[in-house]
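# Descriptive analysis of the structure
The residues making up each chain are set out below.
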Amino acid sequence: MEWCGGKGHLGRYLHACYGSRVDTLEIDSTLVREGEELARKLDYPQSLHECDVLAEPSAVWLKPETHLLGLHACGGLHVTMLEKGVDAGTCRISLSPCCYHLYGPEQYQPMSGSGRVTGLHLTREELRNAVRQTETAPARQRRQRAQMQSWRLGFDALQQQITGTGQYMPVPSLPTRLLKGSFEAFCRHCAELKGLSLAENLDFFRFEREGLALFRQRSREDLVRMLFRRPLEVWLALDRVLFLEENGYQCRLLQFCPPALTPRNLLLDAHR
Ligand SMILES: C[S@@+](CC[C@H](N)C(=O)[O-])C[C@H]1O[C@@H](n2cnc3c(N)ncnc32)[C@H](O)[C@@H]1O
């Protein structure tokens, strides 16, 4: 049983390797249809089911003989997977977790008894730190992201001076084509989106430099944050391991590929 399987690529791979019959659960009807088409073309015994795993009763899908699998099921989706797998007593559970901050409460609730007694309190925003990194993004994309952040910070410094609020002003997502123009044109675009009028004689060069300085400062702070990224992710994975062990499973925690392929490379593999 593949949990939140998208088009069910993992399920088809498992069938190719082990001859397994696979059921795939997925909420997105387009992915389900495309996955069914791929399985049909290959004549594989794979069924994709359109469903919301957070709503479906586990008993419908999970049996003690089920091997439950989740590749990059986000936060609450994989928490539910583990809870429902444990309730149904599935014989094996294999999970590669990701995006711990999604589909969950504002305040992280450790899954294991051992996790709860540590007294570690994590907000959703802090959980997000476990997956903040762009190792697989191409160099060009990383350069664009740096310029976008630097210019956004420059615009923010400018708007704070004009409005006198001293408050950060969120600007919606912006097309990368704006980066090909000038910083002034970028600011005028943002100002229009936010209903601000900008005078002709502003010192845009000064705010561009201020944005760059702020970006560099944030990047240095990120370096410190990044030191804690993997330990936090491993802590969260171990919380899941302990939850499974407290419920009668024997569990291994492995890395299944180099981080350059995907930084979300932890695998929990549990047997009853
Ligand atoms: C990160 S993707 C992983 C997909 C697949 N396992 C893979 O690695 O290619 C997470 C998937 O979960 C699906 N999803 C999100 N919420 C869901 C829900 N409530 N019930 C079922 N699937 C859901 C998304 O549509 C998406 O396909």
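About the cut-offs
Residues numbered from 1 in each chain as written. Predicted model: local features only at pLDDT ≥ 70, side-chain atom pairs only at ≥ 80, totals over all residues. Heavy atoms only, no water. Pairing = 2+ DSSP bridges. Helix = DSSP H or I, 4+ residues; strand = E, 2+ residues; numbered from the N terminus. Core = buried A, V, L, I, M, F, W, Y, C linked by side-chain atoms within 4.5 Å. Buried < 20%, exposed > 50% of the residue type's maximum accessible area, 1.4 Å probe, protein only. Contact = heavy atoms within 4.5 Å. Near = heavy atom within 4 Å. Polar contact = N/O pair within 3.5 Å; in protein donor to acceptor, adjacent residues only side chain to side chain. Nonpolar A, V, L, I, M, F, W, Y, C, P; charged D, E, K, R; others polar. Salt bridge = Lys/Arg side-chain N within 4 Å of Asp/Glu carboxyl O. Axes fitted to C-alpha atoms, helices over the stretch in contact; angles between N-to-C directions.

Under the annotation held in an unreviewed UniProt entry, the chain carries the name Methyltransferase domain-containing protein and is attributed to Biformimicrobium ophioploci.

Let us now look at the pairing of strand E2 (residues 46–50). Two strands pair when backbone bridges link them, and strand E1 (residues 22–26) and E2 are joined in this way by five bridges, in the parallel orientation. Bridge pairing links Asp23 to Ser47 in E2.

This part takes up the nonpolar core. Core analysis: the largest hydrophobic core is formed by 37 residues, its most contacted members being Trp3, Ile93, Leu236 and Leu244. Taken together, the elements giving at least two residues each to this core come down to strand E3 (67–74), helix H4 (75–88), strand E4 (92–98), helix H10 (229–246) and strand E6 (266–271). Among the elements that take part in this core, H10 stands out by supplying six residues, more than any other. Leaving out residues up to four positions away in the same chain, Leu236 has contacts with Tyr100, Tyr108, Leu122, Leu127 and Ala130.

Here we come to the site of the ligand. Neighbouring the ligand are 13 residues, the closest being Cys4, Glu26, Asp52, Val53 and Leu71. Within the contact set of the ligand, a nitrogen atom lies 2.9 Å away from a backbone nitrogen or oxygen of Val53. Across the shell around the ligand, the residue classes break down as eight nonpolar, three polar and two charged.

The next thing to look at is the environment of Ser173. Tracing the chain through its elements places Ser173 in the loop between helix H7 (139–163) and helix H8 (183–193). C-alpha of Ser173 to C-alpha of Phe204: the two residues are 31 residues apart in sequence and 21 Å apart in space.

Evaluated as defined, the whole model comprises 14 salt bridges. Arg132 is paired through a salt bridge with Glu125; the nearest N and O atoms lie 2.8 Å apart. A salt bridge links Arg229 to Glu233; the shortest N-O distance between them is 3.1 Å. One end of the pair, Arg229, and the other, Glu233, are both in helix H10, four residues apart, so they sit about a helical turn from each other. A residue is classified by how much of its surface remains accessible, and Arg229, at 8% relative accessible area, is buried. For Glu233, a relative accessible area of 0% puts it in the buried group. Look at the salt bridges and you will find they share partners, linking Arg229, Arg230, Glu233 and Arg264 into a network.

Time to look at the sheet that holds E3. Read from one edge to the other, the open sheet built from four strands follows the order E3-E4-E6-E5, with strand pairing classed as mixed. Edge positions in the sheet fall to E3 and strand E5 (250–255), since each has one partner strand and no second. In this sheet, adjacent strand axes meet at a mean angle of 15° when their direction is disregarded. Two strands pair when backbone bridges link them, and E5 and E6 are joined in this way by six bridges, in the antiparallel orientation. Looking at E6, one finds that Arg252 is bridged to Asp269.

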